[in-house]
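Residues per chain, in single letters:
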Amino acid sequence: MSSALLLLTAAALFIYTKNLLDNAIEEELYSQVAFIEQNIEQGKAPKTIQPILSIKQITDIRPTQVRDTMIYDPRQDEVELFRELSKSTKTVNGVYEIKVRVLVVESEDIFMGIAISFLSILAIAFLILFFINKSRNEKLWYPFFSSLNKLKNFSFDTKEPIVFELSKIQEFNDLNNGLNELVTKIRSDYNNLKQFTEDVSHEAQTPLAIIQAKIENIINENDISDKQYEELSSIQEDIKRLTQLNQRLILLAKIDNDQFANPKAINLNQFISGRVKDFQGISKNTFQIEVTEDAHVKMDPYLAEVLFNNLLGNAIKYSQPESEIHIKANTLMFRVSNIGATLIDNPEKIFERFYKEGATKKATGLGLSIVNKICKYYSFTPSYRFLESEQLHSFQIDFNE
Amino acid sequence: MKILIAEDEKALQSSIQTYLDRDGNVCEVASDFYEAQQKIALYDYDIIVLDVNLDTGSGLEILRIIKKEQKKVGVVIISANSSLEDKLEGLDLGADDYITKPFHLAELNSRIKAVLRRGKFGGSDTIEFHEIRVNTSSRTVYVEDKAITLTRKEYDLLLFFISNQGRVLSKGIIAEHLWGDNSDLLDNFDFIYVHINNLRKKLKGAGARYIKTAYGSGYKFIAE
């Protein structure tokens, strides 16, 4: 729309300017001819000056006319446009034809001039408007971007509510109020959900206890067949799995609910050798331990037990029978490596909740996600690496001390 | 022994009662806070199996009453909550043991007997089973009055067997008793075979025959 208007204005300006110039030129031509006529009458006929003036004697009077003509200009070595006025005048000395020519500014040049000036105006206007708008917009939208930024940084892990800045603009205040309600609702839903997980898991423990106890009594009070015993034992195994699943879910919920707030400095040397001693009773793996004397980490003792038990247990579970498990730790990191033949299909998913590699082991799929959760809770960095040449699976935790 | 089972889940309550009755114990039950409160006020028990979450009040409150009145009774808490704080709170209040739901009745039974053996509540620190005699305070085992040397696991295993004599103990239950949560790291039960075979050898002739295989894959400690 505005560009159409602009084009129209430019066109009008072009026509107007061209007209103006044409009129000026014609006026000039007429006045020159008038001067020359005067001179001829006085008998001082000027000489012809090519290409702007030519005077010659003719026999009859021709009509006065203005026309455009192209004449070669040797100095500029190009054909130029001239306006020419030819007029016959009758004097005592005979009839003379006077042709006066003036170099015309070409339409092309006018057009270019107009176009350039228009474009420059446009560019300048655009630049000025751009910067004015930018600074104004920044000011105007500041509350919006401030809110947006706060939303981007929002995390369920922090307990503090989001405080939006009060703005002079009603719409932004409305937006902030809306967001506040939304965040509060989401947070309370999230907390309910966390609590729900914990409650459900707790509630499930009692029925499990009843099933477990009844099975034991069935086995002891009745004469059952070997086949029935096998079936009941298998139910007991599944109860155990369900129990573990429950306990792990409860643990995850408790970490989420921040119920482990008493970190202590734990001596890794003592701690790990204690764990390994426990495991040696049930594993045929050999353990090579390389822990510096003063290695320690600050965390809740129970979570430390869960963390290292899960990692060491994992290494035992997935290692080749009677292979060596290597444990290295210092104040900066802990690493456990085991030799396992099978390649992990999705190493990036290994810390995810309920992710299971293959279906060979009866896993809850929560062990490593608990590891991940505990690491996140203490800002540790867990990582997994596989060294194919040695078939070595390594889990490492950087304590980021 | 006289045992009070304070548990609001009737099904669990009666299952525990069934299991414990077999050892010639006298079991009484309380299904809510008030019944439990009433019964401990009226009668003397050797052991109270106490659920933390009773219908109408906290089991820990019962525990406080027991300790306040300085009753000579062993308390084994059962709880659906496995958290360490709960456990510590229970033990701080003077409970003798703490077991988390779900549990094996054999495990509960062995914990109850262990509490009784600590002597304070009318139990004895000596257990006898035919020619086998175990002194639990010195952790020594005699077969026909001759001391035998058992490893820690073998000793635990023997005590677990004697405590649950006549009952079928699956390998899973035994593994959990011996290794707790770590037992799920066992790929197979070879470790249990090893301990049981060693124990059989050390118990010699008659003793070895007490450990019987039941249903192909379980064990039962019983004299002929």
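Bear in mind that the values here come from a model prediction, so they are computed numbers and not experimental data.

**Student:** Can you explain the environment of A:Ile36? Please cite residues and give values.
**Tutor:** Residues and elements named next belong to chain A. Its place among the elements puts Ile 36 in helix α1 (residues 2–41). The spacing of Ile 36 and Pro 263 is 227 residues in sequence and 113 Å in space, taken between C-alpha atoms. Beyond its immediate chain neighbours, meaning those up to four positions away, Ile 36 contacts Pro 46, Leu 53, Ile 55, Ile 98 and Val 100.

**Student:** Describe the interface of chain A and chain B, and please don't skip the residues or the numbers.
**Tutor:** You'll often see interface size given as the accessible area lost when the parts meet. Each side of the interface is counted separately: chain A has 42 residues, and chain B has 40 residues. Counting the surface lost from both chain A and chain B, the interface buries some 3,500 Å², and carbon and sulfur atoms represent 54% of this. Applying the counting rule to chain A against chain B returns two salt bridges. A salt bridge links B:Glu176 to A:Lys240; the nearest nitrogen and oxygen atoms lie 3.9 Å apart.

**Student:** Residue-level account of the pattern of salt bridges, with values.
**Tutor:** Residue and element names in this part refer to chain A. Following the criterion strictly, the structure yields 27 salt bridges over all chains and no others. Residues Glu 84 and Arg 67 are paired through a salt bridge, measuring 2.9 Å at the closest nitrogen-oxygen approach. Taken together, the residues Glu 84 in strand β3 (residues 78–91) and Arg 67 in strand β2 (residues 65–73) connect sequence positions 17 residues apart. The exposure class assigned to Arg 67 is partly exposed, which follows from its relative accessible area of 36%. Several salt bridges converge on common partners, so that one network encompasses Asp 22, Asp 68 and Arg 83.

**Student:** Residue-level account of the domain arrangement of chain B, with values.
**Tutor:** Residues and elements named next belong to chain B. Segmenting chain B into domains produces domain 1 (2–120) and domain 2 (126–221). Counting residues at the interface gives eleven residues for domain 1, matched by twelve residues for domain 2. Around 990 Å² of area is buried between domain 1 and domain 2 when both sides are counted, 45% of it from carbon and sulfur atoms. Linking domain 1 with domain 2 are one salt bridge. Measuring nitrogen to oxygen at the nearest pair gives 3.1 Å for the salt bridge that ties Arg 167 to Asp 23. Where domain 1 touches domain 2, the interface holds nine residue pairs in polar contact (both at pLDDT 80 or more). Within the residue set of the side of domain 1 that touches domain 2, elements represented by two or more residues are α1 (10–21) and α5 (105–117). For the side of domain 1 that touches domain 2, the element with the highest residue contribution is α5, accounting for six residues.

**Student:** Would you mind going over the sheet that holds β2(A) in detail, with residue names and values included?
**Tutor:** Residues and elements named next belong to chain A. Read from one edge to the other, the open sheet built from four strands follows the order β1-β4-β3-β2, with strand pairing classed as antiparallel. Two strands close off the open sheet at either side, each with one partner strand: β1 (53–58) and β2. Going across the sheet, the axis of each strand differs from the next one's by a mean of 30 degrees, ignoring polarity. As judged from the nine bridges shared by β2 and β3, these two strands associate in the antiparallel manner. Paired with Thr 69 across the two strands is Phe 82, which belongs to β3.

The rules behind each value
- Residues numbered from 1 in each chain as written.
- Chains lettered and ligands numbered in written order.
- Predicted model: local features only at pLDDT ≥ 70, side-chain atom pairs only at ≥ 80, totals over all residues.
- Heavy atoms only, no water.
- Helix = DSSP H or I, 4+ residues; strand = E, 2+ residues; numbered from the N terminus.
- Contact = heavy atoms within 4.5 Å.
- Buried area = accessible area lost by both parts, 1.4 Å probe.
- Salt bridge = Lys/Arg side-chain N within 4 Å of Asp/Glu carboxyl O.
- Buried < 20%, exposed > 50% of the residue type's maximum accessible area, 1.4 Å probe, protein only.
- Domains from an automatic or database assignment.
- Polar contact = N/O pair within 3.5 Å; in protein donor to acceptor, adjacent residues only side chain to side chain.
- Pairing = 2+ DSSP bridges.
- Axes fitted to C-alpha atoms, helices over the stretch in contact; angles between N-to-C directions.

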